[in-house]
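# Geometric and topological summary
Take a look at the letters that make up each chain.
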Amino acid sequence: MLNAGLGVGFSASDAAFIGNVGPDKLPVIFILTPLVMLVYTALFSYLMVRFSIDHVVDVTLGILFAGGVILWALFEAALSPQWQIILYYALKLYVVMWYIALYSLFWNFTDSYFDIQDAKRLFPLFAACCALGMAMGASLVGLFAASLPMHYFMLVWSGIILLTVPVAQLLRRKWKRIADSDIDIGGEEINVRSQIALVVSAFGRSPYVLLLTLTLFATLLLTNFIEFQYSSVFEIGRSEAQLAALFGQLYAGASIFNLLVCLFLFNRLVGRMGVRNVALILPITYFAAFGFFFLVGGPMAAFAAFFAYHGVLTSIEYNNQNLLFNAVPTAIKRPLRTVIEGLAEPLASFLSGGFLLLAVVSSDMRQLSGIGVIIAGLLIFIVLALRHYYPAAMTINMRRGWMNFAMNAEASKATDNIRNNPATEPDRNRTRKLISLLERLDPASPDKTSETISALQSLILPGDTGVVRQLTRILPQLERAHRLAVIDMLEIINDAQSIALMVESAAQLSPFERRKFEGILLNFGDIAIPGLADCLSNADMSYRTRSLSARALAMLSPAQFGSQLDRLVESEAASTQKSILMARRLGAEADQTTALRLLVKAIEERVAESVDFILELLALSGRLPDFDLLIVSLHSANQKVRGNAIETIESGLNYRTYKMLKPLIEREDKASQSLPPYNQAGICALLDDILQTSRPFEVAAAAQALSRYLETSDLAGHLRKALIANPAEMVRSTIAILLNINAEPTVIDLVAALQQRPEFKHASTQSLLALVEHLDPAREGSGDVAIDQGSGRLWIKRKNIDDVACRFPELALMMLRIQDGRAYAA
């Protein structure tokens, strides 16, 4: 509706100005535009700071309605010829001002409702509606130009604005805006001077912001040149009414072209080429248009120039500019947009107008076209530089709200003080003593464990490979300081043949401890490469294990890592697709049993881990930026932050790779598209397949879920497959309980009991399993946390909860969220 009014105003004002004043006076309009926009920008910025954008929309619609009526009244008053000329200038400036202002206002208003991924799908649709509105408005002028005086179209514009008011109010009442970032809650009010200062400082800090400003500046410079050229050609031999009819037809035709491009082409262009590559389309089009004028000239060149301006610029460039603004730092996005569209672009108009006033006397159309070719060529180079900085700018824009988890000072001090010097003289019985000491380790008794650890440290020497298996097995069960001491022992032993044992054990530790293990792996040097490569490609290992292996391998041998990358990404993506399908099928029945619900949860978590693992591999290869920041942003509950992360991924990968990953990344957006529920036979078949996999918890959950569908006599034959395929202790104990051999709660029952606590309700399965290991039927202190389970009450020490939270940051985040209560806390 806004653009229908603009279509009416543009067609009528262009015809009136060119027919009564002449195209040779357009440079005066270009010069005066910055002065008008300076006043508007100051007023707009003040209103944006003083009031909300909703109030600014209301004020704008009121001014538009009144402005149309006033202009009609002034023309109707039949002023003297001298004042009539001034009025034509005022009319043209009025329309130009609102063309810039309404564009800025509309997209600032719209941008607050959508993230970049929604914007890619919906902004072209909105632009298509804008084009349709412009076509309808221009068509009205073309149809009635012969019978209706030009100034009466101002009343038509006011009538359209009056109809727009209830639509704007309905939008604000029915839909809610989304924040620009995870910590964009209330917003900080700043004045106009501060906004401009922010923008100016951004030019020095961000090459992307500077290049984007230069791009828009040069684009408008060329647009004014091209408007002057086609207007000069169209004016020859036509009256005001004929010009009105011509412009009405041209605007209508360009708007239909824009409608088709926005609806059917733009999304495909962005999807196939990416935002930063689409930015090259307009500079190349302008280069070709000015080249056409330079080589051929005449009406055909004018028609081509008109459609380059009102077609390609409107349907492709303006839509893409909205997406390019997503890479601008959040704090200055709106101030920058206001300054660029309210000051920088009018400044370009002023410079082009001044140049044309001087050049029109001494230069002909062909010479001006040659200048246009040169400037268009410079614009191509500017956009190429902008294209280069776009991925980095998107990455920087995700950093807001990033939380850094590091080891505290006490733990660091413990690391320095825990290690003792090993004995220098070898002992024949030393290995036997080491094994004997390891068998005495009791994680439940810290004091006794400290004595044993100290004794081990005095005996461990390089080459004691016989105790590596026992050390890595007991490591995750120890307290933090004891774990650090064991890691030091493994570093002293220096056994590169035990890489698989070490990385599997390290996967259950805290991020800091995993980094210490990574240092050990790197110290092995080239001898570790084969073992790391095997662990990386082993799909039966956990994703934490493979992630640690990938990091070390990427540093030790980038070539070896790169040789496996594409194969790993493709195989992981394919298996993850199958897991997504399985989770959706089981999810339809997940509310029937606790075991089935926990099984679906475990599969969905594995899918999320797989996606993170794939992105980490691509980041290690240099195809994607900062992995940790990317993952935090991708998992954000804020739509804009998540959308920026997806855009960063898309801009960093080639089309084939992104197309393969897109369904995995957007799986949360399609979670509601569940499959039809399976019958009992189908569910049993799926569970039977899971029993033969290598993931212990999923096997245990599938076994317990299957027990609800089958009789005990039939169940035994199915569970035998699980024992053959996965003899893990968790699986064996669960099967023994299900077959009534033991009368204890299963691991599934214990995990479900932990989830009854608010702080554990949404914790990951792996962190819950770590907590299960610390459950005790006896209460030892007042700080112990009670866990109610069907067969009785169990207890877990607070220090054990804190220790597990250190090992699994996702649990720490969930606990923080319970304490904090804010939506973005986790």
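In this text, all values refer to a predicted model and were calculated from it rather than measured experimentally.

What counts, and at which threshold
- Residues numbered from 1 in each chain as written.
- Predicted model: local features only at pLDDT ≥ 70, side-chain atom pairs only at ≥ 80, totals over all residues.
- Heavy atoms only, no water.
- Helix = DSSP H or I, 4+ residues; strand = E, 2+ residues; numbered from the N terminus.
- Buried < 20%, exposed > 50% of the residue type's maximum accessible area, 1.4 Å probe, protein only.
- Contact = heavy atoms within 4.5 Å.
- Areas by Shrake-Rupley, 256 points an atom, 1.4 Å probe, with all protein chains shown as cover.
- Core = buried A, V, L, I, M, F, W, Y, C linked by side-chain atoms within 4.5 Å.
- Phe/Tyr/Trp six-rings, centres within 6.5 Å; stacked < 30°, edge-to-face > 60°.
- Pairing = 2+ DSSP bridges.
- Patch = residues over 30% accessible without salt bridge, like charges linked within 9 Å, V, L, I, M, F, W, Y side chains within 5 Å.
- Salt bridge = Lys/Arg side-chain N within 4 Å of Asp/Glu carboxyl O.
- Expected span 1.5 Å × (residues − 1).
- Polar contact = N/O pair within 3.5 Å; in protein donor to acceptor, adjacent residues only side chain to side chain.
- Axes fitted to C-alpha atoms, helices over the stretch in contact; angles between N-to-C directions.
- Parallel < 35°, antiparallel > 145°, perpendicular 65-115°, else oblique.
- Left-handed = near helix turned anticlockwise from the far one by under 90°.
- Nonpolar A, V, L, I, M, F, W, Y, C, P; charged D, E, K, R; others polar.

### Looking at the overall build of the protein chain
Across its full length, the protein chain holds 36 helices and two strands. Across the 826 residues in the protein chain, those meeting the buried criterion constitute 53%. Long-range contacts, defined as pairs at least 24 residues apart, comprise 78% of the intrachain contacts of the protein chain with a sequence gap of at least 6. Surface summary for the protein chain: the accessible area is close to 36400 Å², and the carbon and sulfur share equals 59%.

### Digging into the nonpolar core
Residues Trp-98, Trp-157, Tyr-208 and Tyr-286 are the most contacted members of the largest nonpolar core, which totals 127 residues. The biggest single contributor to this core is helix α4 (residues 81–111), with 17 residues. One finds Val-486, Ile-493, Ala-528 and Val-607 within the second-largest nonpolar core, a separate group that totals 72 residues.

### So, the packing of aromatic side chains
Applying the stated criterion to the full structure yields eleven aromatic pairs. Summarising the aromatic geometry, the rings of Tyr-208 and Tyr-390 are spaced 6.1 Å apart at their centres and angled 50° between planes, so their arrangement reads as tilted. Taken as a pair, Tyr-208 in helix α8 (residues 207–235) and Tyr-390 in helix α14 (residues 365–397) lie far apart in primary sequence, 182 residues in all. For the pair formed by Tyr-208 and Tyr-390, the shared burial category is buried. With 6.4 Å between their ring centres and 80° between their planes, Tyr-286 and Phe-290 make a pair best called edge-to-face. Separated by four residues within a single helix, Tyr-286 and Phe-290 lie in helix α11 (residues 281–295), roughly one turn from each other. Taken together, Tyr-230, Phe-234, Phe-303, Phe-306, Phe-307 and Tyr-309 form an aromatic cluster joined through their ring pairs.

### Overview of the side chain of Ser-505
For Ser-505, the position within the fold is in helix α20 (residues 499–506). For Ser-505, a relative accessible area of 2% puts it in the buried group. Beyond its immediate stretch of four places on either side in the chain, Ser-505 contacts Thr-472, Leu-475 and Pro-476.

### Comments concerning the pairing of strand β2 (residues 792–796)
One ladder, built from five bridges, connects strand β1 (residues 785–789) with β2; its direction is antiparallel. Bridge pairing in β2 links Ile-787 to Leu-794. The turn linking β1 back onto β2 is made up of two residues.

### Looking at a nonpolar patch on the surface
Together, Met-1, Leu-163, Val-167, Leu-171 and Trp-175 give the surface a local cluster of nonpolar side chains, amounting to about 480 Å² of exposed area. Note that Val-167 resides in helix α6 (residues 152–174).

### Points about helix α27 (residues 639–652)
Relative to the 20 Å expected for 14 residues at 1.5 Å per residue, α27 spans 20 Å between its end C-alpha atoms, a close match to the ideal helical length. Burial analysis of α27 places twelve of its 14 residues in the buried class, which makes it a mostly covered element. When we look at burial in α27, the residues that qualify are Lys-640, Val-641, Arg-642, Gly-643, Asn-644, Ala-645, Ile-646, Glu-647, Thr-648, Ile-649, Glu-650 and Ser-651.

### Some words on the side chain of Glu-698
Within the element layout of this structure, Glu-698 appears in helix α30 (residues 696–706). A relative accessible area of 5% means that Glu-698 is categorised as buried. Once you skip the residues sitting within four places of it in the chain, Glu-698 turns out to touch Leu-599, Ala-602, Ile-603, Arg-606 and Ile-690.

### Comments concerning the environment of Thr-472
Its location among the elements puts Thr-472 in helix α18 (residues 468–474). Between the alpha carbons of Thr-472 and Leu-501 there is a distance of 6.5 Å; along the sequence they are 29 residues apart. Residues contacting Thr-472, with those up to four places away along its chain left out, are Leu-490, Leu-501, Met-502 and Ser-505. Of the polar contacts made by the side chain of Thr-472, one reaches the backbone oxygen of Arg-469; its length is 3.0 Å.

### As for the packing of helix α22 (residues 529–537) against helix α23 (residues 543–556)
Remark: α22 packs on α23, axes separated minimally by 8 Å, with the N-to-C direction vectors making an angle of 140°. Here α23 runs oblique to α22, going by the angle between their axes. Between α22 and α23 the crossing geometry is left-handed. Residues Ile-529, Leu-532, Ala-533, Cys-535, Leu-536 and Ser-537 of α22 pack against Arg-546, Ser-549, Ala-550, Ala-552, Leu-553 and Leu-556 of α23. A breakdown of the residues in the contact of α22 with α23 according to their chemical character gives nine nonpolar, two polar and one charged.

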